[in-house]
Every structure is written in C-alpha cells, then in structure tokens.
Amino acid sequence: MTLPDDILTRVADRVGTPAFVYDAVELRHGVARLKFVLPDVDFFYSLKANPNVSVVRTLTSQGIGAEVCSLFEIEACLAAGVAPERIIFVGPAKSQQEIELAISLGLKAIVAESLPELKLIDTVAARKGVCQRVALRINPSFHTPGARLSMSGKATQFGIDETEIEAAIALIAEADSLRLSGLHVYMGTRILDYQVIVENSRDILALARRVTEISGEILDFVDIGGGFGVAHGDHEADLDLERLGEVLAPVLRAAKQDAPQTSIAIELGRYMVARAGSFLARVRYTKISKGKRFAILDGGSNCHSAAGQAASFRRNFPISLVGAKTGGEEPWSLAGPLCTPTDVIAHDLKIQNLEARDLIRVDRSGAYGPTASPVNFLSFGMPIEVMVDGTEMVVIRERLDLAGYLGPQVPRPLERDEDRHQLEEIA
Ligand SMILES: *Cc1c(COP(=O)(O)O)cnc(C)c1O
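Residues numbered from 1 in each chain as written. Predicted model: local features only at pLDDT ≥ 70, side-chain atom pairs only at ≥ 80, totals over all residues. Heavy atoms only, no water.

Undergrad: Teacher, can you tell me more about the site of the ligand here?
TA: Around the ligand, the surrounding shell holds 14 residues, and the nearest of these are Lys-48, Thr-189, Glu-267, Arg-270 and Tyr-368. Tyr-186 places a side-chain nitrogen or oxygen 2.8 Å from an oxygen atom of the ligand. When the free accessible area of the ligand is taken as 390 Å², the share hidden by the protein chains comes to 95%. Mapping the ligand onto the cavity grids shows that it belongs to the largest pocket. Per-class residue counts for the shell around the ligand are 4 nonpolar, 5 polar and 5 charged. (Near = heavy atom within 4 Å. Polar contact = N/O pair within 3.5 Å; in protein donor to acceptor, adjacent residues only side chain to side chain. Areas by Shrake-Rupley, 256 points an atom, 1.4 Å probe, with all protein chains shown as cover. 1 Å grid on protein atoms, 1.4 Å probe; cavity = no way out; pocket = protein on both sides within 12 Å on 5 of 7 lines; lining within 4 Å. Sits in = over half its atoms within 2 Å of the grid points. Nonpolar A, V, L, I, M, F, W, Y, C, P; charged D, E, K, R; others polar.)

Right, here's the structure in full:
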C-alpha cells in the first residue's frame, strides 16, 4: 500500500518539493506484520536506514528496540522516547565520548567490533565503577553459497574474526568491568531469498552455542542480523515473509530450548521503512536533446542517490506521474538539479507526456533517502520530510534554510573550550 496521489498532491502544494513523505500507518503495519510472522523474535530498527526522529518514534512505539551507530543516533532514539535498555550500539569506530555516553545511559549492550575497543570499554567502565554489558560482533568464517552477501566470511573492518573468538572471550573474562551479554553477526544487505536468511540463522545460532560453551556465560541475546531486502522492479520478487516465518520457527524453537534465557534479535533497516516512503519532485523544465526527452526536476540524486545510482537501481524504483493525464506514454529521462551528468534518476521511463509543474513520485523510497544521499552537493541541502498519519500531515524535518546553511560557516578562532574535549581522550 502506498499513499494515494491526492494526498501527495496536497503535501506538495502545501510544503513544496523536493519532499519525502512517509506513511505512519504503513510503518506500524510493517512492524505488526513482522511480529506476527516471527513472534519469538526481538526486533531492532537500524537507524542507519532513516534516522528521522518521528520515523524512529513511529516504529519503536510498536515495542521494538533500536540499533544505532553514532552519538546522534543515540540522541535521536532518546528524543523519540526509546528506553536506553532497548538500544544496542554497533559500529567499528566508536569514540571514547560515544562509549562514555553508552555506559552512562545503560544501553542494552555495546556491540564490540575489535579487541582494542573491548579494552577501551573496560577502561571507561572501570573509571565509572560499573560493569558494562558487551556483545561480540563476529565476522564468521562461514558464508552461505549463492547468496548476495557482502559483510562476512572475508577480510573486513567489521567485527572480530571468528578465529579470534577465544581471545575476545578471554579478554572479557580477565577484564574487571565487562560482562559478555550477546553475540552479533550481520551477514549482508538486500537479501530477498528466505532460504538464505534461514541458513544464515542456523549458522549464527550454532556459533552462539560455541560462544556459550567457550565462555560459560548465558547470553542475554543473539542478534542474527537482518538485511531483509525489498524488491524494486519486475526482475525482483519481494521476500516471502510468511514462508520465512514458517521455516525459521522450528530453528528458533530449537535454539530457545537450548538456551531459554537467550532472546533472538533481528535488526532491520530497509525492510521496516522502504515501502512506507515516497520521494516527490516537480518538473521544472522539459527539453528535447538530440531527439531524447528530458524532464528536469527540482530534486534528483542529491536527495535520492539510490534512484540515480547503478543501472539496476535505475530500473528498479517505481516512478510515476502523480495525478491522471490523458495521452499515450513516451520515453522520458528524469534529471535532477545537479551539474553532473550522473544526476539522472530514470532513463527512458515510459510515462505520459510531461510538462512543467507535473509532480513525480518515486515509491519504496523510505530507506537510505536523504541521509544517504549527497544532499549538500551544490548546496541544495536537506529536503523537507512529512509524515502522513491518516488524515494528519506533519512536517517532521524542515528543509535547509539560509541560517542553517551559513550559520556554521562563520569563522571563529581556534582553541575555544568546545575544541578541547577532542584532545582529552585517553590513549
Ligand atoms: C546497515 C546495517 C543494518 C541495516 O541494514 P538493512 O539492509 O537496511 O536492513 C543493520 N545492521 C548493521 C550492522 C548494518 O551495518
């Protein structure tokens, strides 16, 4: 289900374009469906996919947790009303400042991605006089054949190699201020085949049994990753969530029997937000260049880089005209405002004759939109974001204004107090 054209027309008429519009009903529905199909799973929303505070609030108000990777993502969760004990903190380059905040807040776990990071967490926790829960992010030696995996089973900056598990567990056992509370594995993204997810989960749960044996610790949770994909075009099919639920259920049940106190977590970004968002842009000019029709939009890959990226993605995103029009379809290329030839979000799209002021919608765009696009390129800045909840429409992020653009660029002398904390980190 996507938002109807008349709603999008109203949003564009009131707040202008380019804009991202999210459907709160669809966001909540998506979470409800996940919980229904996989009732034994503790779900976490990966803010990376869309960190807008109102999006986070809409999702987590349904009882799910959050997975964050930066200081501001932690703050976004707090602003959205997420309880600290429902937040896990992942990322290969956590700063001391971030670790201090995570420890002070009492997050569910800090997911450690290296041995030096474990040592730093121990040092900071010791100074605060607390015992910190840590989960190990493991880069497993296995990988699932035939799957489109990108994040494990090979050399990577993420996680601790499976061959170093013993060393990591020994480090935690010897540390005064650490407790091993979880295991985390993230296999990759855009997985559309439920069998791949089931195979991954089996392997990860076996790894969790090994960690329990070696450490003698009962884990609070095993995070079996996520990365569920969303189809973008005719050549792809959506993940069969019902089938996944059926096939995964006995696997999870067996794990639960083995370790009744260990919850099973899945963290999802794209799958929770992609289908609930539409990108809106308006045609400014049309032109014909050497026989090819171009519509120049007020927003393109600067707001929605995924749509303008690879050839596969170009075909992928569902793009259509908002509102009915008569007349036959013609091939049109849709370009954005950037002064670079790559700013084309659709090549030869069959669409009814376009003219200035026509409104274009790009659906399935709720994930990796504004914050994963070069919004500052050519200084266009963040687009506006709107949440639609039934009959209610709320602006949930203002577009960049002049004060926000020029304000941080006012020169100032170095060596003010704000600069100093960077220097005070312990070695
Ligand atoms: C990117 C990422 C996610 C979210 O991935 P999706 O494909 O959007 O679900 C989750 N966990 C980790 C560790 C990630 O790096």
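Undergrad: Mind showing me how you'd approach the pairing of strand β10 (residues 263-268) here?
TA: Each regular strand shows side chains that alternate between the opposite faces of the sheet. In terms of burial, β10 is largely enclosed, as 5 of its 6 residues are buried. Summarising the sheet, strand β2 (residues 41-46) and β10 pair through 5 bridges and their orientation is parallel. Within the sheet, the bridge partner assigned to Tyr-45 lies in β10 and is Leu-268. As paired strands, strand β9 (residues 221-226) and β10 are joined by 4 bridges and run parallel to one another. Within the sheet, the bridge partner assigned to Val-222 lies in β10 and is Ile-264. (Buried < 20%, exposed > 50% of the residue type's maximum accessible area, 1.4 Å probe, protein only. Helix = DSSP H or I, 4+ residues; strand = E, 2+ residues; numbered from the N terminus. Pairing = 2+ DSSP bridges.)

Undergrad: For this particular structure, what's the right way to read the nonpolar core?
TA: Nonpolar side chains tend toward joint burial in soluble globular proteins. Ranked by internal contacts, the top residues of the largest apolar core, which has 108 residues, are Tyr-45, Leu-118, Phe-228, Leu-244 and Leu-334. For this core, the element with the highest residue contribution is helix α8 (residues 194-215), accounting for 9 residues. Counting residues in each nonpolar core, the second largest holds 13 residues, with Ile-7, Leu-8, Val-11 and Ile-384 among its members. (Core = buried A, V, L, I, M, F, W, Y, C linked by side-chain atoms within 4.5 Å.)

Undergrad: Can you help me understand the packing of α8 against helix α9 (residues 241-258) in this one?
TA: Packed helices, taken two at a time, are described by their axes: the angle between them and the distance between them. At a closest axis distance of 9 Å, the pairing of α8 and α9 adopts a crossing angle of 5°. Regarding the angle of α8 to α9, the classification is roughly parallel. Contacts from Tyr-194, Ile-197, Val-198, Ser-201, Arg-202, Leu-205 and Arg-209 in α8 reach Arg-243, Leu-244, Val-247, Leu-248, Val-251, Leu-252, Ala-255 and Asp-258 in α9. Looking at the contact of α8 with α9, its residues break down into 10 nonpolar, 1 polar and 4 charged. (Axes fitted to C-alpha atoms, helices over the stretch in contact; angles between N-to-C directions. Parallel < 35°, antiparallel > 145°, perpendicular 65-115°, else oblique. Contact = heavy atoms within 4.5 Å.)

Undergrad: Could you clarify how one ought to interpret the pattern of salt bridges in this entry?
TA: When the charged atoms of two side chains lie near each other, side chains of opposite charge can form a pair. In the structure shown here, the tally under the stated rule is 22 salt bridges. Put simply, Lys-94 and Glu-117 hold a salt bridge, and the shortest N to O gap is 2.7 Å. Of the two residues, Lys-94 sits in the loop between β4 (87-89) and α5 (96-105) while Glu-117 sits in helix α6 (residues 115-128), which places them 23 residues apart along the sequence. Per residue, the accessibility class of Lys-94 equals that of Glu-117, and both read buried. Where Asp-220 meets Arg-179, a salt bridge forms, and the shortest distance between an N and an O atom there is 3.0 Å. Placement of the pair is Asp-220 in the loop between α8 and β9 and Arg-179 in strand β8 (residues 178-184), with a sequence separation of 41 residues. Accessibility expressed as a relative area gives 30% for Arg-179, which makes it partly exposed. Here the residues in one salt-bridge network are Asp-5, Arg-361 and Asp-363, joined through shared partners. (Salt bridge = Lys/Arg side-chain N within 4 Å of Asp/Glu carboxyl O.)

Undergrad: In this structure, what is going on with unusual backbone geometry? I would like to understand it.
TA: Both trends apply: most residues other than glycine have a negative phi, and most peptide bonds are in trans. Pro-18 follows Thr-17 through a cis peptide bond whose omega is 0°. Among the structural elements, Pro-18 can be located in the loop between α1 (5-15) and β1 (19-23). Residues other than glycine seldom take positive phi values, yet Leu-378 does so here, at roughly 65°. By secondary structure assignment, the location of Leu-378 is in the loop between β16 (359-362) and β17 (384-389).

Undergrad: Just to check I follow, could you spell out the environment of Val-222 for this structure?
TA: With respect to the element layout, Val-222 can be found in strand β9. Given the relative accessible area of 3%, Val-222 is considered buried. Not counting the four nearest positions on each side in its chain, Val-222 is found in contact with Leu-183, Ile-204, Leu-205, Ala-208, Thr-262, Ser-263, Ile-264 and Ala-265.

Undergrad: Looking at this structure, I do not really get the packing of aromatic side chains. What am I missing?
TA: Here a ring pair, both rings aromatic, is described through the centre-centre distance and the interplanar angle of the planes. Per the stated rule, a full pass over the model turns up 3 aromatic pairs. Taken together through their ring pairs, the aromatic side chains of Phe-20, Tyr-22 and Phe-279 make up a single cluster. Lying across the ring of Phe-89, Lys-94 places its NZ or CZ 5.5 Å from the centre. Taking the ring centre of Tyr-271 as reference, the NZ or CZ of Arg-275 above it sits at 4.3 Å. (Phe/Tyr/Trp six-rings, centres within 6.5 Å; stacked < 30°, edge-to-face > 60°. Lys NZ or Arg CZ within 6 Å of the ring centre and 35° of its normal.)

Undergrad: Help me understand the state of the cysteines in this model?
TA: Think of a disulfide as a covalent bridge from one cysteine sulfur atom to another cysteine sulfur atom. As enumerated under the stated definition, the model contains 0 disulfides in all. Between Cys-69, a cysteine without a disulfide, and Cys-77, which holds the nearest cysteine sulfur, the sulfur-to-sulfur distance is 10 Å. Judged by relative accessible area, which is 35%, Cys-69 ranks as partly exposed. (Disulfide = S-S within 2.5 Å.)

Undergrad: How should the pairing of strand β12 (residues 292-297) be read in this particular structure?
TA: Relative to β12, strand β11 (residues 277-289) is paired through 6 bridges, and the arrangement is antiparallel. Within the sheet, the bridge partner assigned to Ser-289 lies in β12 and is Lys-292. Adjacent in sequence and paired antiparallel, β11 and β12 are bridged by 2 residues, among which Lys-290 carries a positive phi angle near 50°. Here 3 bridges tie β12 to strand β14 (residues 329-335), and the two strands are oriented parallel to one another. Bridging across to β14, Phe-294 finds its partner in Ser-333.

Undergrad: Please explain empty space enclosed by the protein as it appears in this structure.
TA: Over the atoms, a rolled probe matching the size of one water molecule traces out where space is still vacant. Counted according to the given criterion, the structure contains 4 cavities of 30 Å³ or more. In terms of lining, the largest cavity is formed by Met-187, Ile-191, Ile-197, Asn-200, Ser-201, Ile-224, Gly-225, Gly-226, Phe-228 and Ile-266. Counting residues per element, the ones that place at least two in the lining of the largest cavity are α8 and β9. One number sums up the size of the second largest cavity: a volume of about 40 Å³. For the second largest cavity, the full set of lining residues is Met-1, Thr-2, Leu-3, Asp-23, Glu-26, Arg-275, Ala-276, Gly-277, Ser-278, Asp-363 and Arg-364. Residue composition of the lining of the second largest cavity, by class: 3 nonpolar, 3 polar and 5 charged. (Points joined across faces, edges and corners; volume = space filled by probe spheres on them.)

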